[in-house]
Amino acid sequence: MEKIIIEGGYELNGAVEVSGFKNAALPIIPASILAGERCVVENLPMIKDIFCISNIMSSIGADIELNENGTMVIDTSKITKIVAPYDLSRQIRASYYLLGAGLSRFKEVEVAYPGGCDIGTRPIDQHIKGFEALGAKVDIEHGVIKCRADKLVGTKIYLDVVSVGATINIMMAAVCAEGRTTIENAAKEPHVVDVANYLNSMGADVKGAGTDVIRIEGVEKLHGCTYSVIPDQIEAGTYLVAVAATGGDVLVKNVIPKHLESIIAKLRETSANIIEYDDSVRVISNGKLVGVNVKTLPYPGFPTDLQQPMAAILSIAEGSSVITESVFEARFKYIDELKRMGANIKVDGRVAIIEGVKELTGARVRATDLRAGVALVVAGLIAKGKTEIDDVFHIDRGYENIEQKLLGLGAKIYRVNR
Ligand code: EPZ
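Now for a look at the structure at hand. In this text the structure is predicted, and so the values were computed from the model without any measurement.

Another point: the pairing of strand β23 (residues 385-390). Two elements, strand β1 (residues 2-8) and β23, share five bridges in a ladder whose sense is antiparallel. When the sheet's bridge partners are listed, isoleucine 4 is paired in β23 with isoleucine 389. Where strand β22 (residues 364-366) meets β23, three bridges bridge the pair, whose relative direction is parallel. Bridge pairing links arginine 366 to aspartate 390 in β23.

Okay, the sheet that holds strand β21 (residues 351-355) next. Spatially, β18-β19-β21-β20 is the arrangement adopted by the four strands of the open sheet, whose pairing is mixed. Each edge of the sheet is formed by a strand with only one pairing partner; in this case those strands are β18 (293-295) and β20 (344-348). In this sheet, neighbouring strand axes are inclined to one another by 10 degrees on average, regardless of whether the strands run parallel or antiparallel. Summarising the sheet, β18 and strand β19 (residues 320-324) pair through three bridges and their orientation is parallel. In the strand pairing of β19, asparagine 293 is matched with valine 322. Seen against the sheet, helix α10 (residues 307-314) touches β18, β19 and β21 and runs at an angle of roughly 170 degrees to β19.

This next bit is on the nonpolar core. Core analysis: the largest hydrophobic core is formed by 151 residues, its most contacted members being Met171, Leu199, Met202, Leu267, Met310, Ile389 and Leu406. Among the elements that line this core, the one with the most residues is helix α12 (residues 370-382), at 10 residues. When we break this core down by domain, the ones giving at least three residues each are domain 1 (2-19 + 231-417) and domain 2 (22-228). Residues contacting methionine 171, with those up to four places away along its chain left out, are Ile183, Val192, Val195, Ala196, Leu199, Val206, Ile214 and Ile216.

Helix length check: α12, at 13 residues, gives a terminal C-alpha distance of 19 Å against a target of 18 Å (1.5 Å per residue), a fit within 8%. When you tally the buried positions in α12, you get 13 out of 13 residues, the bulk of the element. In this structure aspartate 369 caps α12, since a side-chain oxygen of it lies 3.1 Å from the backbone nitrogen of arginine 371.

Moving on, we get to the site of the ligand. Around the ligand sit 23 residues in total, of which Ser163, Val164, Asp305, Val327 and Arg371 are the nearest. Lysine 22 has a polar side-chain atom sitting 2.9 Å from an oxygen atom of the ligand. Here valine 327 contributes a backbone N or O atom positioned 2.5 Å from an oxygen atom of the ligand. In isolation the ligand offers 830 Å² of accessible surface; the protein chains occlude 91% of this area. Mapped onto the shell around the ligand, the elements with two or more residues apiece are α1 (22-31), α5 (125-133), α6 (164-174) and α12. Element by element, the count of residues in the shell around the ligand is highest for α5, at three residues. When grouped by side-chain class, the residues that make up the shell around the ligand number 10 nonpolar, six polar and seven charged.

For the rest of this paragraph, the subject is the packing of aromatic side chains. In this structure the tally under the stated criterion is two aromatic pairs. Summarising the aromatic geometry, the rings of tyrosine 96 and tyrosine 97 are spaced 5.0 Å apart at their centres and angled 85 degrees between planes, so their arrangement reads as edge-to-face. The exposure class of tyrosine 96 is buried, given its relative accessible area of 8%. Of note, lysine 412 hangs over the ring of tyrosine 10, and the distance from its end group to the ring centre comes to 4.6 Å.

Right, let's talk about the state of the cysteines for a bit. A disulfide bridge is the covalent bond that connects two cysteines by way of their sulfur atoms. Using the criterion set out here, one finds zero disulfides in the structure. Take cysteine 225: it sits in no disulfide, and the sulfur closest to it among the cysteines is that of cysteine 39, at 4.9 Å.

Rules behind the numbers
Residues numbered from 1 in each chain as written. Predicted model: local features only at pLDDT ≥ 70, side-chain atom pairs only at ≥ 80, totals over all residues. Heavy atoms only, no water. Pairing = 2+ DSSP bridges. Helix = DSSP H or I, 4+ residues; strand = E, 2+ residues; numbered from the N terminus. Axes fitted to C-alpha atoms, helices over the stretch in contact; angles between N-to-C directions. Contact = heavy atoms within 4.5 Å. Core = buried A, V, L, I, M, F, W, Y, C linked by side-chain atoms within 4.5 Å. Buried < 20%, exposed > 50% of the residue type's maximum accessible area, 1.4 Å probe, protein only. Domains from an automatic or database assignment. Expected span 1.5 Å × (residues − 1). Polar contact = N/O pair within 3.5 Å; in protein donor to acceptor, adjacent residues only side chain to side chain. Near = heavy atom within 4 Å. Areas by Shrake-Rupley, 256 points an atom, 1.4 Å probe, with all protein chains shown as cover. Nonpolar A, V, L, I, M, F, W, Y, C, P; charged D, E, K, R; others polar. Phe/Tyr/Trp six-rings, centres within 6.5 Å; stacked < 30°, edge-to-face > 60°. Lys NZ or Arg CZ within 6 Å of the ring centre and 35° of its normal. Disulfide = S-S within 2.5 Å.

Take a look at the structure:
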């Protein structure tokens with residue numbers, strides 16, 4: 001079993017390069033099904049979830065070539081039908097993006113019910129509502145989602161909850177539907193925009209992505225293209241958060257600062273000094289933070305994927321902080337692990353109340369999901385002494401070369417297999 005070991009208490013200094021955005025890449029790869037031709041996708045992060053979606057694509061007949069530099073050549077011309085295998089589909093949430101893409105191209109698709117981080121019930125009713133509104137029949141039988149349509153016809157779809165996954169899936173299903181599809185109350189996240197840009201590069205006509213109304217004019221067919229994925233705002237935010245608490249001076253490179261507005265604003269409130277450049281952000285901190293209140297919200301609000309590292313650093317901030325998780329109902333499982341390290345946090349439903357302590361102390365802890373795992377890495381960096389993190393495969397799902405990147409900044413971090 002692999003573990004990450006951290007000797008905490010060191011400042012971070014230098015520069016770190018952010019990788020491509022996992023949550024944009026995960027739908028972009030299956031969206032290539034729509035081209036039915038060769039696509040080239042660049043700036044992919046080399047992480048487990050990308051290897052997994054790549055295996056799913058191979059299993060349905062796509063030719064995939066993934067280079068070490070993060071470029072994937074995807075040829076979907078030989079796929080004749082999409083029946084995604086259970087063992088692979090259940091490993092990641094993003095397997096459900098085969099539904100929208102497959103429905104659009106083949107009018108028939110089967111994908112085992114998706115897996116993903118255990119952070120709440122995570123229904124897919126809005127995806128299904130969208131597919132049905134476009135004319136598909138959707139059945140869930142024996143753990144498999146089956147969608148079928150004679151034809152897809154554009155329509156108006158109002159999402160009852162702001163959902164990144166449903167917005168992207170419906171966009172993919174609608175690009176070749178007859179006439180116009182309008183998605184109202186759409187998610188505005190940067191990855192929704194990135195997928196829309198990819199679809200448009202393949203010949204689709206998607207307008208309004210990044211606002212809460214997306215309009216899609218159906219086109220006859222799409223074609224191959226070359227596309228580069230945007231930088232990972234959550235990875236970037238993770239490094240900014242970490243440095244704010246360890247203290248130091250770090251330039252986080254290859255970012256779109258606009259995507260980091262909410263996190264930059266919050267970190268400034270904690271008293272960290274943040275300077276924005278065109279495609280990088282510098283954080284300078286003496287590690288002495290003051291408590292702040294954080295409420296997670298859909299973009300442009302504070303991202304739910306960063307509340308965990310934020311909780312880690314607020315545990316040593318002066319005074320009290322309140323974190324309200326309004327996106328997923330069970331995203332505080334890691335708090336018990338932070339408590340092992342000396343954090344003083346009370347959880348009541350979707351609210352965590354943090355009383356800042358003077359210091360955290362290293363302990364043996366366990367990653368319960370991806371962002372929970374990275375919160376423990378951040379806690380380990382600021383804690384006194386040695387932290388040992390078990391179940392690090394969760395972290396490998398979403399962070400490329402995390403130890404190497406942190407080592408480059410002066411952290412004492414390494415991985416052991418025992
Ligand atoms: C995506 O999940 C991301 N996953 C998540 O990243 C991220 O936390 C989340 O968006 C929010 O930004 C991927 O991109 C693979 P949602 P997704 O649909 O699409 C409810 C990470 O750590 N909902 O926007 O599953 C849902 O239960 C992760 O990288 C419905 O009720 O999120 C949640 O409360 C984990 N019905 C809310 O909407 C639906 O049909 C937002 O979920 C769909 C969602």
